[in-house]
Amino acid sequence: MTFFTELKRRNVVRMAGLYLVGAWLLTQVASTVLPTFDVPSWALRGLIIALVLGFFPALIVSWIFELTPQGLKRDEEVAPEQSIAPQTARRMDRMIIVVLALALGYFAFDKFVLGPRREAVQPQGNALPNAADSHENSKSIAVLPFENLSSDKDNAYFADGIQDEILTRLAKVSALKVISRTSTQKYKSAPDNLREVGKQLGVANLLEGSVQKVGNAVHVNVQLIRVATDEHLWAESYNRKLDDIFAVEGEVAGAIAEALNAKLTGAEKAVLARQPTNSPGAYDAYLRGAAQYFRSNSQDEQEAAVRSFEEATRLDPQFAEAWAALSRSHSVIFFHSDVTTARREAAEHALAEATRLRPDLAETQLARAYFQYWVLHDYKGALEMMRQLRTSWPSNPEIHQVIAFILARLGHWQESIESIDRVIALNPRDLFPRNQAIQLRLAARDFSEALQLTDNALRIWPDDTDLRGLKATVFQALGQLDEAQSALYGVVPKIDEGSVSLGVIHYQARLRRDPALAIKVLEPFAHGIESDSFCIGRTSNRWPEKRPRLARCLNAAVTLWKKLPNSNPGMGSCSVHSFTPCLNWANETTPCELSTNTPSSAPAMLAPSQSPKRCARVSWRNLVKKSAPSRASKQS
C-alpha cells in the first residue's frame, strides 16, 4: 500500500480539503462582520494565525485517529472489518460540497452585492491621487477638532487655536501628510467610528484632543490613534500656565513626528520648537484672530480678525506671526471688497513689519505671496514665492491651490490640474477645490475626467446644485443634451454671483431652443428679488442702491424670453454663468441696456477666436434695449 493510498484511506486528504475551504470561508465572513461591530483588527489577525496553526494538528489527528461509532480510536486499534472509514469519507465529501457551495455563494454575494455598496460609499479623499499617495501612507495624519472643556464657551476659539497651531507645525514636516483643517472641522472631537473617519480623510492616524482653560491655567490632553487597529500610539496630558502654553504645541508636534517615525531636518526641529511670542495676552488675541479669519464669510468677520491681530501686535510689537496674519487679512479684504489706498497701505505696512522681524518665517513669506497675488496682481511673483513655500510648508493646501489658480491664469493647464489634485489629497472633504478641479478639466477639454470627478464628488455631496450643474455642463460640452437635462432634473438653483446651476439651466434652454426651460427658473428670482438672494447678500451689503437695477435687469430678461420665444439672445453666451454680465453690472458699472436686436440666428456657442469678455459685454448690452428703462435713468 502506497503512502498516498494510506492518506486517502485515513481521510487525511479530505480533511485537508475540508479544513482549507472552511478556513477560507470563515476568514472571509469574519473580515466582513467583525469591522461592523468595531472589533479590533488584531482579532481577525488572531483568527487567521489560529487557523494556520491548527492546520497541521488537524492532519495529524486525522492520520492517527479514526472515527468509530464508539468515538475516536487510534487507527491501529480498529480492525479492518469494523472500520467505517468509507462511510466517513462519503460524509466528508458531502461536507466539502456543502462548504464549497457556501464559499461560492459568499463569493458571489460579496462581488455583486457588497462590492458595489462599498464602492458607492468609498470616500473620494484622493480623487486623482499622486503616485506617492496611491498606497496607504503610514505617516499620514488628521488633527481632529479639539474639544473645548472650559466652562466659558466663549473660549472655544482657544481650543481651535491650539489645534490649528499643532496642525500648522505638523504641516511643515516634509515626511508627513497632514490633512487640512477645512476637512477635519466637519467631524466631532472624538468620533464614534475612527476607521470610517480615517477612510474618508485618507489617513492612517488621527489626533484627538481637548483643551480646558481656567483663568491663567490650561490643561491640554492629546492622544494619537492608529486608524486600522484603534491602537493608541501615544498620549499625553499637559498642565501649563498661559505663558508656557507655546511650548506644548511644539512638544506635541515633535512627539507625533517621533511616534510616526518621521525623520526631521534641522530646520523642521527649529520650527517645531519655535516660541512665537512671550506675551500670553498677545498669543490669546492671535488665536482669537486666527479663529475669526478661518470662519469668516463676510467683511465684518474679516474686520473682527483684523482687530484681533492688531491687538496682538500692540501687546507684542515683535510678534512676527501676528504681523503676517494682519497683512494677510488686509490683503484679502482689499481683494474682495475694499479697494482703497488706505487698505493697501495697511497690508503693506503689516507685511513690512513681519519682514523686518522674521523674513525667513513661512507665515511672512505666505503673507508676501498673498500681497503679490491679491493686491499687486503680480501673478508670476506670487507663483515663484508659492513654489518656494511648497518646499518648506508641504502640507499646506492653500499654497497648492494658489499655485493652481496662477498656473491656470498663465495657461499652464496640466500643471494647474496637478496642483489642484494635490489640494484634494490634502483637503478631501472640502467642496471648493473639487469644483475647481472639475472646471479646470472642463477648460482643458478633458471631459471624461471631469465627469468622473463630478460623480465622485456627488457621492459625498449628493444634494449640491452646482455639482449637478457642472455634470450637466460636461454633457452639454459632449453634445448629450438629454443626459444634461437628466442631470438638471429637480435642481433648484441658487442666485448669487458664483451660481453654476442657474447659468447651466439657462444655457440648456438656449441649446434646446426652448425658453420655457429657463423662464420657469428665472421668473421667481426676477419677481422675488427682495428675497434671500444675491441682492440681500453681497449686493445689498456693498451696493444697496443698485438692488433695484438688478431687479429690473432680471425682469427685463424674463420679458425678453416671453416676447421672443424663438430667438437666441446672447445672455451669457460665452460662460456657464449666464447672469455674470448682469451681476457684474450691478456690482460695477456695466450698463444693463437690453435690446431685441440680437438676431435669432446667433450661434449657440462662441467661435474659438471670440473673446469671452467682449462676448459678455456685447451680448448683455444688446439684449433688450426696449424693455429696460433708459440708460440715463439708471445711473447710480
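If you're wondering where the values come from, they're calculated on a predicted model, not measured in any experiment.

Enquirer: What's the story with the overall build of the protein chain in this structure? I'm lost.
Expert: In terms of helices and strands, the protein chain carries 27 helices and eight strands. A buried classification covers 51% of the 636 residues belonging to the protein chain. Looking at the protein chain as shown, the accessible area adds up to about 30300 Å², and 56% of this sits on carbon and sulfur atoms.

Enquirer: Quick question: what am I supposed to make of the packing of aromatic side chains here?
Expert: For any pair of aromatic rings, the description consists of the separation of the ring centres together with the inter-plane angle of the planes. Tallied over the entire structure, the rule returns 10 aromatic pairs. Between Tyr370 and Trp374, the ring centres sit 4.1 Å apart and the planes meet at 20°, which makes this aromatic pair stacked. Remark: Trp374 and Tyr370 occur in helix H14 (residues 362-375); sequence separation between them is four residues, near one turn of the helix. For Trp374, a relative accessible area of 10% puts it in the buried group. A network of ring pairs unites the aromatic residues Phe335, Tyr370, Tyr373, Trp374 and Tyr379 as a single cluster. Across the ring face of Phe158, the terminal group of Lys213 is positioned such that the distance to the ring centre comes to 4.8 Å.

Enquirer: It is not clear to me how the pattern of salt bridges should be interpreted in this structure. Could you clarify?
Expert: Pairing is possible between side chains that carry opposite charge, provided their charged atoms lie close to one another. Applying the stated rule across the entire model yields 21 salt bridges. Asp338 is the partner of Arg343 in a salt bridge, and the nearest nitrogen-oxygen pair spans 2.9 Å. Each member of the pair, Arg343 as well as Asp338, carries the same accessibility label: buried. With its nearest N and O atoms 3.3 Å apart, the salt bridge here joins Arg387 to Glu415. Of this pair, Arg387 sits in helix H15 (residues 379-392) while Glu415 sits in helix H17 (residues 413-426), and the two are 28 residues apart along the sequence. Since its relative accessible area comes to 33%, Arg387 is described here as partly exposed. Beyond isolated ion pairs, a larger network of salt bridges with shared partners links Asp160, Asp164, Arg181 and Arg295.

Enquirer: Help me out: how do you make sense of helix H5 (residues 156-171) in this one?
Expert: Every α-helix carries 3.6 residues per turn, so stepping three or four residues along brings you back to the same face. For H5, built from 16 residues, the straight-helix expectation of 22 Å at 1.5 Å per residue is met to within 8% by its first-to-last C-alpha distance of 23 Å. Burial runs high along H5: 15 of the 16 residues are buried.

Enquirer: Explanation requested: unusual backbone geometry in the structure shown.
Expert: Glycine aside, the phi torsion of most residues is negative, and most peptide linkages are trans. Here the phi dihedral of Asp230 falls at roughly 60°; this positive angle occurs in a residue that is not glycine. As for its placement among the helices and strands, Asp230 is situated in the loop between strand S7 (217-226) and strand S8 (231-241). Here the phi dihedral of Arg445 falls at roughly 60°; this positive angle occurs in a residue that is not glycine. By the secondary structure assignment, Arg445 is in the loop between helix H18 (431-443) and helix H19 (447-460).

Enquirer: I'm lost on the confidence of the model for the protein chain in this one. Help?
Expert: When pLDDT is low, close inspection of the predicted coordinates is not appropriate. This prediction gives the protein chain a mean pLDDT of 77; 73% of its residues lie at or above 70. Element-level pLDDT for the protein chain is lowest in helix H27 (residues 612-621), with a mean of 31, against a maximum mean of 97 in helix H13 (residues 341-357). For residues 528-547, every residue scores under 50 in pLDDT, and the model assigns this stretch 37 contacts once sequence neighbours within four places are set aside. Across residues 564-636, where pLDDT falls below 50, the model places 148 contacts with residues more than four positions away in sequence or in other chains.

Enquirer: How should I be thinking about the side chain of Arg434 in this particular structure?
Expert: Of note, Arg434 is situated in helix H18. Buried charge without a salt bridge: Arg434, with Asp430 as the nearest opposite-charge side chain at an N-O distance of 8.5 Å.

Enquirer: Sorry if this is basic, but what is going on with the pairing of strand S6 (residues 205-214) here?
Expert: In regular strands, side chains alternate between the two faces of the sheet. In terms of residue burial, S6 counts as a mostly covered element, since eight of its 10 residues are buried. Bridge count for strand S3 (residues 140-143) against S6 is three bridges, and the pairing is parallel. Within the sheet, the bridge partner assigned to Ala142 lies in S6 and is Leu206. Pairing analysis gives two bridges linking strand S4 (residues 147-148) to S6, with the strands arranged parallel. Within S6, the residue paired with Asn148 across the bridge is Val211.

Enquirer: I tried to follow the environment of Leu488 on my own but got confused; where do I start?
Expert: Position of Leu488 relative to the elements: it lies in helix H21 (residues 481-488). Classification of Leu488 as buried rests on a relative accessible area of 7%. Along the primary structure Leu488 and Lys471 are separated by 17 residues, whereas in three dimensions their C-alpha atoms are 8.5 Å apart.

Enquirer: How do you make sense of the pairing of S7 when you look at a structure like this?
Expert: Relative to S7, S6 runs antiparallel, the two sharing 10 bridges. Bridged to Val211 within S7 is Val220. Two successive antiparallel strands, S6 and S7, enclose a turn made up of two residues, where Gly215 displays a positive phi of approximately 60°. Note: S7 against S8, 10 bridges, orientation antiparallel. By the bridge assignment for S8, His219 is matched with Asn239. Between S7 and S8, which pair antiparallel and follow one another directly, the connecting turn spans four residues, one of which, Asp230, has a positive phi of 60°.

Enquirer: Would you mind going over the packing of H18 against helix H20 (residues 465-477) with me for this structure?
Expert: For any two helices packed against each other, one specifies the crossing angle of their axes together with the interaxial distance. At a closest axis distance of 11 Å, the pairing of H18 and H20 adopts a crossing angle of 10°. Taken together, H18 and H20 sit at an angle that is classed as roughly parallel. Contacts between H18 and H20 involve Leu431, Asn435, Ile438, Gln439 and Leu442 from the former and Leu467, Leu470, Thr473 and Val474 from the latter. For the contact of H18 with H20, the per-class residue count stands at six nonpolar, three polar and no charged.

Thresholds applied
Residues numbered from 1 in each chain as written. Predicted model: local features only at pLDDT ≥ 70, side-chain atom pairs only at ≥ 80, totals over all residues. Heavy atoms only, no water. Helix = DSSP H or I, 4+ residues; strand = E, 2+ residues; numbered from the N terminus. Buried < 20%, exposed > 50% of the residue type's maximum accessible area, 1.4 Å probe, protein only. Areas by Shrake-Rupley, 256 points an atom, 1.4 Å probe, with all protein chains shown as cover. Phe/Tyr/Trp six-rings, centres within 6.5 Å; stacked < 30°, edge-to-face > 60°. Lys NZ or Arg CZ within 6 Å of the ring centre and 35° of its normal. Salt bridge = Lys/Arg side-chain N within 4 Å of Asp/Glu carboxyl O. Expected span 1.5 Å × (residues − 1). pLDDT = per-residue confidence, 0-100. Contact = heavy atoms within 4.5 Å. Lys, Arg positive; Asp, Glu negative; His and termini not counted. Pairing = 2+ DSSP bridges. Axes fitted to C-alpha atoms, helices over the stretch in contact; angles between N-to-C directions. Parallel < 35°, antiparallel > 145°, perpendicular 65-115°, else oblique. Nonpolar A, V, L, I, M, F, W, Y, C, P; charged D, E, K, R; others polar.

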